[in-house]
Amino acid sequence: MDKHEGRDAGTIRLNDPWYDALAVGWGEGQGEAVAPPHPAPGGRRAPGASDIYLEVQRSAAFQEVRSRYRRFVVPATAGFFLWYVAYVVAATTAPGVMARPVIGAVNVALLAGLGQFLSTFLLTWAYARHARLRRDRAALDLRWTVFEQERSRGREAGR
């Protein structure tokens, strides 16, 4: 962490590569011309941040993280959607079944509705666990790879 100087002196900023990154054309620099990247020695364009991100996107590690994400999210979303649609269809087409008492005033519809809430919480827990165990470490490694590439590009530009 470092402190920056100026109007907000004393404010602590995290030394994070994503902290100051603005999306292209957002916020600052409205109406100002943006200087093109300086050409590298030999007349070629110097590699920019977009080149680094495209390289990372094409990497096997990034594709593995995305694949792990999709392998969990697509079936989980489809299963949850089917469970929700089944509940709605059963409630509208089979009111007699849904009105069947289970215990006292508690009927099948009430249990299925509570099951919707329970499945939402279970799915949230399963997603967080899957992310922690299967994706977070690989994604953090990718993040630091990009940070190191941007840092080395900044050093080369400073020479």
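Residue positions are given per chain, counting from 1 as you read along its sequence in written order. Thresholds applied to this predicted model are a pLDDT of at least 70 for local features of residues and 80 or more for the giving and counting of side-chain atom pairs; totals over whole chains, interfaces and linings are not thresholded and use all residues. Side-chain metrics rest on all non-hydrogen atoms present in the structure, leaving aside hydrogens and water.

Q: Describe the side chain of His-130, naming the residues involved and giving the relevant values.
A: Secondary structure elements are defined from DSSP: runs of H or I of at least 4 residues count as helices, runs of E of at least 2 residues count as strands, and each element is numbered from the N terminus. Relative to the helices and strands, His-130 resides in helix H4 (residues 108-158). What makes His-130 buried here is its relative accessible area of 15%. Contacts are assigned to residue pairs that have any heavy atoms within 4.5 Å of one another. The contacts of His-130, once residues within four sequence positions are left out, are Arg-68, Phe-72 and Arg-135. With a 1.4 Å probe rolled over the protein chains alone, any residue whose accessible area is under 20% of its type maximum counts as buried; one over 50% counts as exposed, and the rest are partly exposed.

Q: Summarise the nonpolar core; cite the residues concerned and give the values.
A: Grouped together as the largest cluster of nonpolar side chains are 5 residues: Ile-52, Val-56, Val-65, Leu-142 and Val-146. Elements with a minimum of two residues in this core: helix H1 (49-58) and H4. The residues contacting Val-65, other than those within four sequence positions of it, are Arg-135, Ala-138, Ala-139 and Leu-142. By convention a nonpolar core is built from buried Ala, Val, Leu, Ile, Met, Phe, Trp, Tyr and Cys residues, the set being connected through side-chain atoms within 4.5 Å.

Q: Report on the packing of aromatic side chains, specifying residues and quantitative values.
A: Only Phe, Tyr and Trp rings take part, Trp by its six-membered ring, and two of them pair if their centres are within 6.5 Å. Stacked means planes under 30 degrees apart, edge-to-face means over 60, and tilted covers everything else. One pass over the full model with this rule turns up 2 aromatic pairs. Summarising the aromatic geometry, the rings of Phe-72 and Tyr-127 are spaced 5.9 Å apart at their centres and angled 50° between planes, so their arrangement reads as tilted. With a gap of 55 residues between them, Phe-72 in helix H2 (residues 60-93) and Tyr-127 in helix H4 connect regions that are remote in the sequence. Relative accessible area serves as the criterion here: at 18%, Phe-72 is assigned to the buried category. Classification of Tyr-127 by relative accessible area gives partly exposed; the value is 33%. Taken together, a centroid distance of 4.9 Å and an interplanar angle of 85° make the contact between Trp-144 and Phe-147 edge-to-face. Taken together, the residues span about one helical turn, with Trp-144 and Phe-147 both in helix H4 at a distance of 3 residues. Here Trp-144 falls in the partly exposed class, since its relative accessible area comes to 38%.

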